[in-house]
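Here is what each chain is made of, one letter per residue.
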Amino acid sequence: MDPGTPGGSASPGPSGGRRSRSEAVAQDRAEAVTEDRAEAVTEDRSEAVTEERDRSQDGRSLYDRLGVVIATRDRRHPLARTLERLLALPERPRILVVDNASTDGTPEMVPRSYPEVQLLRLPVNRGALARNDGVRALHTPYIAFSDDDSWWEPGALRKAVDILAARPTTGLLAAGITVGPDGRPDPLNSVLAASPLGEGAVPRSRKVLGFLGCAAVARRQAYLDVGGYHPLLFFGAEEKLLAYDLAAAGWEVLHCPEVVARHSPADTPTGLPADAPRSGRQALIRRNELLIDWLRRPLPVALSRTAALCAASVRDDQARRAARGLLPRLPAALRLRRPLPDAVEEAARLVEGAAA
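Residues numbered from 1 in each chain as written. Predicted model: local features only at pLDDT ≥ 70, side-chain atom pairs only at ≥ 80, totals over all residues. Heavy atoms only, no water.

**Considerations on the environment of Ala216**
(1) Moving on: Tracing the backbone through its elements, the reader meets Ala216 in strand β11 (residues 216-219).
(2) Moving on: With a relative accessible area of 0%, Ala216 lands in the buried category.
(3) Moving on: Separated by 72 residues in the primary sequence, Ala216 and Ala144 place their C-alpha atoms 5.9 Å from one another.
(4) Moving on: If near-sequence neighbours (up to four positions away) are discounted, Ala216 is found in contact with Ile143, Ala144, Phe145, Trp152, Leu172, Leu173 and Phe211. (Helix = DSSP H or I, 4+ residues; strand = E, 2+ residues; numbered from the N terminus. Buried < 20%, exposed > 50% of the residue type's maximum accessible area, 1.4 Å probe, protein only. Contact = heavy atoms within 4.5 Å.)

Here it is, written out as structure tokens:
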């Protein structure tokens, strides 16, 4: 057994020496708490978790009703901070980390420092599809999603479960989002709140065809019924296609601003903020937006937008990269094509018109 893994006796220290397992756990948690300026946590939560499971039916815990899925890759320190926040929630949800083949010690850190958190290790990086693996691994009726740099505000998950339990036709809630330590509103909140699709049945909610992946709570049945995130996209704009598919299957997608997620982007291994523009991301989003058109929108829409991208690629490097990524995937998109029902297509046009 490798040193530093669960059951091992020691792990490398920062100066190349050896650390005891208790020292490694203490450092993992100390770093997470220092970053987040949270209150100190107890050294061993295993007894508390057992007690939480025992009282999960008394209304205080959501452990058997809702699970939080976190997909991560090589982001050990932000993940530790997020786990501290989620474990402190009064709802006590079940938590599952899906590791996308990390090489930074994440798979060793989770069971060592957070034994109450479930871990699913993937042999390869599956991008957004890791969330699908997480949903299948959990069996709670409701699933919340977090990124390794986001979590849920106290009480938010309780509100989400109450809404979904009362609205059996609602498939997904798009939460309100606050950003950073000052909790400023994310600009997406205004976009969702202004949705032209009208008010939802839940007070202060709006019908929408989009959401942020780290700020959503889904009905597990609805998510699996439509197949979750689509395998052709891998990562980028995947939420839009899932919202289309939920609506096409008859599930409501609602923006509920009173259900609040906190997004606190941390630095990446490159030293850049996690929410800073990354090389190639714009091209990836443009590629996937067009793949969604080919998968779900009328052919004239897909054809005209593809022609526009090819024309732009003559002078625009990002468009050129998007086109190079699109063309080899077009045969699969045509094979998997399933146009939206007329009512959902009309809704998509309304949303696009409002954003123009």
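**Quick word on the nonpolar core**
(1) Moving on: Among the nonpolar cores identified, the biggest contains 37 residues, and Leu66, Trp152 and Leu157 are the most heavily contacted of them.
(2) Moving on: If we skip the residues at most four places from it in the chain, Leu157 touches Leu62, Leu66, Val68, Leu89, Glu91, Pro93, Ala144, Trp152 and Val217.
(3) Moving on: Counting residues in hydrophobic clusters, the runner-up holds 28 residues, among them Val69, Ala71, Leu96 and Val98. (Core = buried A, V, L, I, M, F, W, Y, C linked by side-chain atoms within 4.5 Å.)

**Observations regarding the packing of helix α9 (residues 238-248) against helix α14 (residues 342-355)**
(1) Moving on: With their axes 10 Å apart at the nearest point, α9 and α14 run at an angle of 140° to one another. As for how α9 packs across α14, the hand of that crossing is right-handed. Touching Lys240, Tyr244, Ala247 and Ala248 of α9 are Val344, Ala348 and Glu352, all from α14.
(2) Moving on: Tallied by class, the residues present in the contact of α9 with α14 amount to five nonpolar, no polar and two charged. (Axes fitted to C-alpha atoms, helices over the stretch in contact; angles between N-to-C directions. Left-handed = near helix turned anticlockwise from the far one by under 90°. Nonpolar A, V, L, I, M, F, W, Y, C, P; charged D, E, K, R; others polar.)

**A closer look at the packing of aromatic side chains**
(1) Moving on: Evaluation of the coordinates by the stated rule reveals two aromatic pairs.
(2) Moving on: Each ring, one from Phe145 and one from Tyr223, has its centre 5.5 Å from the other, and the planes form 35°; the classification is tilted. Here Phe145, found in strand β6 (residues 142-146), pairs with Tyr223, found in helix α8 (residues 220-225); they are 78 residues apart in sequence, far enough to count as distant.
(3) Moving on: For the ring pair Tyr223 and Tyr229, a centre distance of 6.0 Å and an interplane angle of 80° mean the geometry is edge-to-face.
(4) Moving on: Residue Tyr223 is classed as buried on the basis of its relative accessible area of 2%.
(5) Moving on: Ring pairs connect the aromatic residues Phe145, Tyr223 and Tyr229, which therefore count as one cluster. (Phe/Tyr/Trp six-rings, centres within 6.5 Å; stacked < 30°, edge-to-face > 60°.)

**Brief notes about the pairing of strand β3 (residues 66-72)**
(1) Moving on: Most of β3 sits inside the fold, with seven of its seven residues counted as buried.
(2) Moving on: The alternating pattern of β3 places Leu66, Val68, Ile70 and Thr72 and Gly67, Val69 and Ala71 on opposite faces, both of which are buried.
(3) Moving on: Inspection of the sheet shows β3 paired to β6 by five bridges, in the parallel sense. Across the sheet, the residue bridging to Val68 is Ala144, located in β6.
(4) Moving on: Relative to strand β4 (residues 94-100), β3 is paired through six bridges, and the arrangement is parallel. Looking at β4, one finds that Ala71 is bridged to Val98.
(5) Moving on: A crossover links β3 with its parallel partner β4, the connecting element being helix α3 (residues 76-87), and its sense is right-handed. (Pairing = 2+ DSSP bridges. Right-handed = clockwise from strand over helix to strand, strands pointing away.)

**What to know about the environment of Trp251**
(1) Moving on: Following the sequence through the fold, Trp251 ends up in the loop between α9 and β12 (252-263).
(2) Moving on: Among the residues examined, Trp251 registers a relative accessible area of 14% and is labelled buried.
(3) Moving on: Separated by 80 residues in sequence, Trp251 and Gly171 place their C-alpha atoms 5.0 Å apart.
(4) Moving on: If we skip the residues at most four places from it in the chain, Trp251 touches Pro168, Thr169, Thr170, Gly171, Arg219, Gln221, Ala222, Asp225 and Leu246.

**Side note on the packing of α9 against helix α10 (residues 281-296)**
(1) Moving on: At a minimum axis separation of 10 Å, α9 and α10 run at an interaxial angle of 20°. Regarding the angle of α9 to α10, the classification is roughly parallel. Here the hand of the crossing between α9 and α10 comes out right-handed. Judged by residue contacts, Lys240, Leu241, Tyr244 and Asp245 of α9 engage Glu289, Ile292, Leu295 and Arg296 from α10.
(2) Moving on: Along the lines of polarity and charge, the residues of the contact of α9 with α10 split into four nonpolar, no polar and four charged. (Parallel < 35°, antiparallel > 145°, perpendicular 65-115°, else oblique.)

**Observations regarding unusual backbone geometry**
(1) Moving on: Despite not being glycine, Asp74 shows a phi value in the positive range, around 55°.
(2) Moving on: Relative to the elements of secondary structure, Asp74 occurs in the loop between β3 and α3.
(3) Moving on: Owing to a relative accessible area of 22%, Asp74 belongs among the partly exposed residues under this scheme.
(4) Moving on: Of note, Phe234 is a non-glycine position whose phi angle comes to about 70°, a positive value.

**Here we look at the pairing of β6**
(1) Moving on: The buried fraction of β6 is high, at five of five residues.
(2) Moving on: A two-sided burial pattern is seen for β6, the buried positions comprising Tyr142, Ala144 and Ser146 on one face and Ile143 and Phe145 on the other.
(3) Moving on: Judged from the four bridges that link them, β6 and β11 form a sheet pairing that is antiparallel. Following the sheet pairing, Ala144 is matched in β11 by Val217.

That's the geometry; what it means functionally is another story.
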